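The residues making up each chain are set out below.
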Amino acid sequence: MSANAMSANVRDLVRELLEAGGGEPIEGGRFLPLVTLESGARVGLDSAATWVFAPEGGGAAQAFAPERGRIFFEVLESKRDDFDASVEAAAKAAGLPPEEVAFSFPAADVVRAVLARGLPSMTRLALSWLRLTEVRALRADIIAVSRDPTMPVPIRDLAERLTVPE
């Protein structure tokens, strides 16, 4: 199973949980919030087990898609260990397998979207948020940061240290 894949069994469990009235209502259905970010926004799963970002104040929830990864940038402001621990604890409380749910979060796609913006402060945050298991999938993106003359030297150095041989 790839890093972002979730088994059909877990997708079915999420759907059943939400169809039974679990989670919270969002436009177009329900979702299971797993993490509340500092802003009050919530991140969780919808009935298709797609990751959803629900802004504070009831704005329109956004389902994750690689081309919209930067919508989820706020998760990078959380410590990675805290984010993963929150996901795992909420998944376990909901009767879902904690590690599988945590591993399904599209971290590499969110980081890739943030790196594509080319903003030094967010780039540093994104590179620092990565797990070693995600670095290889982002190798080309990280190499591009290490060679970007518009990036401050410390950020290029961090990217260089993260670059792993093929």
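Here's what I pulled together on the structure shown here. Because the structure is a prediction, the values reported are computed rather than measured. (Residues numbered from 1 in each chain as written. Predicted model: local features only at pLDDT ≥ 70, side-chain atom pairs only at ≥ 80, totals over all residues. Heavy atoms only, no water.)

### Describing the nonpolar core
Formally: Nonpolar core, defined: a set of buried Ala, Val, Leu, Ile, Met, Phe, Trp, Tyr and Cys residues in which side-chain atoms within 4.5 Å join the residues together. Note on classification: 1.4 Å probe, protein chains only; a residue is buried when its accessible area is under 20% of the maximum for its type, exposed when over 50%, partly exposed between these limits. Should any heavy atoms of two residues lie within 4.5 Å, those residues are counted as being in contact.
Trp51, Val75, Val101, Phe105 and Leu127 are the most contacted members of the largest nonpolar core, which has 45 residues in total. When near neighbours in sequence (up to four residues on either side) are disregarded, Leu127 contacts Leu115, Ile142, Val145, Ile155, Leu158, Ala159 and Leu162.

### Structural notes on helix α2 (residues 80-93)
The condition is simple: Helical segments are the DSSP runs of H or I of at least four residues, strand segments are the runs of E of at least two, and each set is numbered from the N terminus. In this scheme, a helix's expected span is set at 1.5 Å multiplied by one less than its residue total.
Over its 14 residues, α2 extends 20 Å from the first C-alpha to the last, a length consistent with the 20 Å expected when each residue adds 1.5 Å. On its buried face, α2 is in contact with β2 (29-36), β4 (51-54), α3 (98-103), α4 (107-117), α5 (120-129) and α6 (132-135). Two residues or fewer past α2, Gly95 is found with a positive phi of approximately 85 degrees.

### What about the pattern of salt bridges?
What counts here: In what follows, salt bridge is the name for a side-chain nitrogen of Lys or Arg lying within 4 Å of a carboxyl oxygen of Asp or Glu.
Following the criterion strictly, the structure yields nine salt bridges and no others. Taking the shortest distance from any N to any O, the salt bridge between Glu19 and Arg15 comes out at 3.6 Å. Of this pair, Glu19 and Arg15 both sit in helix α1 (residues 8-19), separated by four residues, roughly a single helical turn. Here Asp109 ties to Arg112 by a salt bridge, and the two come within 3.2 Å at their closest N and O atoms. Of this pair, Asp109 and Arg112 both sit in helix α4, separated by three residues, roughly a single helical turn. A relative accessible area of 28% means that Arg112 is categorised as partly exposed.

### Some remarks on the sheet that holds strand β1 (residues 24-26)
Going by this rule: In this description, strands pair whenever DSSP reports at least two bridges between them. Only the stretch in contact is used when a helix axis is fitted, and all axes are lines through C-alpha atoms; the angle between N-to-C directions ranges over 0 to 180 degrees.
Pairing is antiparallel in the open sheet, where five strands are placed in the order β1-β2-β3-β4-β5. Both edges of this open sheet fall to β1 and β5 (62-63), since each of them pairs with a single strand only. Across four bridges, the pairing between strand β3 (residues 42-46) and β4 is antiparallel. Of the residues in β4, the one forming a bridge with Leu45 is Trp51. Running at roughly 135 degrees to β2, α2 makes contact with β2 and β4 of the sheet.

### So, the side chain of Ser146
Within the secondary structure, Ser146 is located in helix α7 (residues 139-146). For Ser146, a relative accessible area of 12% translates into the label buried. Contacts of Ser146, omitting those with residues within four sequence positions, involve Arg156, Ala159 and Glu160.

### Details of the pairing of β3
The buried count for β3 comes to five of five residues, which makes it a mostly enclosed element. Direction of pairing for β2 relative to β3: antiparallel, over a ladder of five bridges. Bridged to Val35 within β3 is Val43. If you look at the hairpin formed by β3 and β4, you'll find four residues sitting between the two strands, and Ala49 has a positive phi there, around 60 degrees.

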